[in-house]
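# Working through the structure, step by step
Letter by letter, the chains look like this.
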Amino acid sequence: MDFIPVNEPLLDGNEKKYLCECIDSGWISSEGPFVKEFEQKMSSTVGRKYGISVSNGTAALEVAVQALGIEAGDEVIMPAFTIISCAMAVTKLGAIPVLVDSDLRTWNMNVEEIENRITDKTKAIMIVHLYGLPVEVDPIIKLAQKYNLKIIEDAAEMHGQTYHGKPCGSFGDISTFSFYPNKHVTTGEGGMVVTDDEELAERCRLLRNLCFRKDVRYVHDEISDNYRFTNLQAAVGLAQLERLEEFIKRKRAMGRYYTEKLQGIDGLLLPVEKTDYADNIYWVYGLVLDKHRKADNREVQKSLAEAGIGARTFFWCIHEQPVYKKAGLFQGEAYPNAEYLARKGLYIPSGLALTEEQMERVVDQVGRIMSKIS
Ligand SMILES: *Cc1c(COP(=O)(O)O)cnc(C)c1O
C-alpha cells in the first residue's frame, strides 16, 4: 500500500495559472507585481496595515525581533516548548530567551507563569500559538502594558484562526507568518511580517533587503540579510489565499473526524476541540501519550512508519537544545510540561490533500499500534 505522507499540500486552485503568468511576463524576482499584491491581501486578511514578505517564517521572526530594537543582553519571554526559530531570532542578536512552561491542555505557554519571569531586562514577550489553538492573548496584552513590553506574535500556524473573533496575526506590535508547505497557506518556502506601525514596517523592509541606504544604492550602514520573497512564491500564495476559508473548514472537518474515531483509545490525549476564545483549526493533528504509557513518541512514530504512515514528533524544548547547552544557556532549568510534550507528543497525517480513505487507514493503524505498545 502507498505510504501516507505526514503532509501534502493542496495546489489545485489557481496556482498553476498565476505561475504561468510569471513565466509569460518574465517577472520572477522579488520586484514582480504579485509580491505587493500578496503582501496587501495577506495583511488585510488579518486586519493589519502593512505586510512585509520574507523568504521564510524564521526570517520573519528575525526581522520582527530586530525591527523592535531588541539588543544584546535584552530578555525576551517565550515558551520553552516551541520551534527553535523563536529562540534563534533572539539569540542571534545576543539577547536571551526567558522560558515559560506549557499548559498541558492547550500545549501553549502557561500564561499565568509569565509575570514571574519579568525582570528589569525584559523587553518583549513572544506569543507563539501552537498546533491549532491560540494562546490566551488578553492577559499578555495587559502585562505588556503594565511593564511597558513589546509583543511579537508568532502566528506561523494560525492562518485563518481567531482569538475572541479577532484574527491571529493582529495582536501586539508585530506578528509573523510562515508559508511552509505544512501551513494552511503555503508558498513552498516563505514568510511575512505584519504590523500597523509604519516605522516598524519600513524598518522591516530595510532589514529583509541588506539595509540598502535610501539615498545611495549599494551603500549600507547596517548588517542584515537578503530575505527577499519572489514573484513565483507570491503567485502560489495568492492562489492559496483565495481558498483560505475552504481550507480552514476542511482542517476542522479532519480534526473532528480524527477526534471522533480516536477518542475511545486508552492512554491517548487528543487536541482540545474548543476553548471559550477559539475553535481549534488543527494546524496538524497532534496526539499525546498519557502519563501511564511507558512508550515515547519516537517509538510510536517508528511503528506508524512501518505501517506506511508518516508522523512527526512534536518540537524539542528550547532549554534542551544541544546548541544552547553548549553555550551554557538555561543551566539547571526544568519545564516539566514542555519536556513531557516533547517526549510524548507526535502528529499524524494532516495535510490538506489527505483523503477520507487515507484517514481511515491512519485511524486503524493508530488504534492497532496503541493496543500493542506499553
Ligand atoms: C513553521 C513555524 C515557524 C518557522 O517557519 P519556517 O517558514 O519554517 O522558517 C516559526 N514558528 C512556528 C510556530 C512555526 O510553526
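### Some thoughts on the packing of aromatic side chains
Summed over all chains, the structure comprises 20 aromatic pairs. The interplanar angle of 85° and the centroid separation of 5.7 Å between the aromatic rings of tyrosine 163 and phenylalanine 171 together place this pair among those described as edge-to-face. Between the aromatic rings of tyrosine 282 and tyrosine 285, the centroid separation amounts to 5.7 Å while the plane-to-plane angle is 20°, which identifies the pairing as stacked. Comparing tyrosine 282 with tyrosine 285 shows no difference in burial state: the two are buried. Each member of the aromatic cluster is reached from another via a ring pair, and the members are Phe81, Trp107, Tyr131, Trp283, Phe314, Phe315 and Tyr347. Note that arginine 217 overlies the ring of tyrosine 218, its terminal NZ or CZ placed 5.3 Å from the centroid. When the ring centre of tyrosine 340 is taken as origin, the NZ or CZ atom of lysine 291, which lies over that ring, is 4.7 Å away.

### Quick look at the pattern of salt bridges
Counting across every chain of the model gives 17 salt bridges. The closest approach of N and O atoms between arginine 48 and aspartate 196, which form a salt bridge, is 3.2 Å. Placement of arginine 48 in the loop between α2 (33-45) and β1 (50-54) and of aspartate 196 in the loop between β9 (191-195) and α6 (198-207) is noted, with a sequence separation of 148 residues between them. Look at the salt bridges and you will find they share partners, linking Asp12, Arg243 and Glu246 into a network.

### Considering the pairing of strand β3 (residues 96-100)
Of all five residues making up β3, four are buried, and the element is well covered by its neighbours. In the sheet, strand β2 (residues 75-79) pairs with β3 via five bridges, with the strands oriented parallel. Bridge assignment links isoleucine 77 to a residue of β3, and that residue is valine 98. The handedness of the β2 to β3 crossover, carried by helix α4 (residues 84-91), is right-handed.

### Some details on the environment of valine 272
Note on placement: valine 272 falls in the loop between β10 (268-269) and β11 (285-289). Separated by 167 residues in sequence, valine 272 and arginine 105 place their C-alpha atoms 6.9 Å apart. When residues no more than four places from it in sequence are discounted, the contact partners of valine 272 are Arg105, Leu133 and Asn280.

### Observations regarding helix α7 (residues 231-241)
Most of α7 is tucked away, with ten of its eleven residues classed as buried. What α7 keeps buried is the set Asn231, Gln233, Ala234, Ala235, Val236, Gly237, Leu238, Ala239, Gln240 and Leu241. At its buried positions, α7 is contacted by α1 (15-25), α2 and α8 (244-262).

### So, the sheet that holds strand β13 (residues 345-348)
Each strand in a sheet pairs with another by means of backbone hydrogen bonds, the pair being arranged parallel or else antiparallel. With antiparallel pairing, the four strands of this open sheet are ordered in space as β10-β11-β13-β12. In the strand order of this sheet, the two ends are held by β10 and β12 (312-313), each with one partner. The pairing of β10 with β11 spans two bridges and is classified as antiparallel. Along β11, the bridge assignment pairs leucine 269 with valine 288. Running at roughly 25° to β13, helix α9 (residues 297-306) makes contact with β11, β12 and β13 of the sheet.

### Section: the domain arrangement of the protein chain
Looking at the assigned domains, one finds that the protein chain contains domain 1 (15-241) and domain 2 (244-372). For domain 1 versus domain 2, the distance between C-alpha centres works out to 24 Å. When the two sides are added together, the surface that domain 1 and domain 2 hide from each other amounts to roughly 3,600 Å², 69% of it contributed by carbon and sulfur. Among the residues domain 1 hides against domain 2, the three largest losses belong to Trp107, Tyr131 and His184. Together they make up 22% of the total. On the surface where domain 1 and domain 2 come into contact, there are one salt bridge. One salt bridge connects glutamate 333 with arginine 117, and the closest N-O pair in it is separated by 3.9 Å. Summed over the shared surface of domain 1 and domain 2, the number is 18 residue pairs in polar contact (both at pLDDT 80 or more). Secondary structure elements with two or more residues in the side of domain 1 that touches domain 2: α4, β3, β6 (162-163) and α7. Of the residues contributing to the side of domain 1 that touches domain 2, the split by class is 22 nonpolar, 14 polar and six charged.

### Side note on the site of the ligand
In the vicinity of the ligand, the contacting residues are Asn56, Gly57, Thr58, Ile83, Ser85, Val128, Asp154, Ala156, Glu157, Ser178, Lys183 and Gly190. Here an oxygen atom of the ligand and a side-chain polar atom of glutamate 157 are 2.5 Å apart. A distance of 2.7 Å is found between an oxygen atom of the ligand and a side-chain nitrogen or oxygen belonging to serine 178. For the ligand, the protein covers 92% of the area, taking 390 Å² as the surface of the free molecule. A breakdown of the residues in the shell around the ligand according to their chemical character gives three nonpolar, six polar and three charged.

### Focus: the state of the cysteines
Using the criterion set out here, one finds zero disulfides in the structure. Looking at cysteine 20, it has no disulfide partner, and the nearest cysteine sulfur is the one in cysteine 22, 8.9 Å off. A relative accessible area of 40% means that cysteine 20 is categorised as partly exposed. As a non-bridged cysteine, cysteine 86 has cysteine 317 as the owner of its nearest cysteine sulfur, 13 Å distant. On the basis of relative accessibility, which here comes to 0%, the residue cysteine 86 falls in the buried class.

About the thresholds
- Residues numbered from 1 in each chain as written.
- Predicted model: local features only at pLDDT ≥ 70, side-chain atom pairs only at ≥ 80, totals over all residues.
- Heavy atoms only, no water.
- Phe/Tyr/Trp six-rings, centres within 6.5 Å; stacked < 30°, edge-to-face > 60°.
- Buried < 20%, exposed > 50% of the residue type's maximum accessible area, 1.4 Å probe, protein only.
- Lys NZ or Arg CZ within 6 Å of the ring centre and 35° of its normal.
- Salt bridge = Lys/Arg side-chain N within 4 Å of Asp/Glu carboxyl O.
- Helix = DSSP H or I, 4+ residues; strand = E, 2+ residues; numbered from the N terminus.
- Pairing = 2+ DSSP bridges.
- Right-handed = clockwise from strand over helix to strand, strands pointing away.
- Contact = heavy atoms within 4.5 Å.
- Axes fitted to C-alpha atoms, helices over the stretch in contact; angles between N-to-C directions.
- Domains from an automatic or database assignment.
- Buried area = accessible area lost by both parts, 1.4 Å probe.
- Polar contact = N/O pair within 3.5 Å; in protein donor to acceptor, adjacent residues only side chain to side chain.
- Nonpolar A, V, L, I, M, F, W, Y, C, P; charged D, E, K, R; others polar.
- Near = heavy atom within 4 Å.
- Areas by Shrake-Rupley, 256 points an atom, 1.4 Å probe, with all protein chains shown as cover.
- Disulfide = S-S within 2.5 Å.

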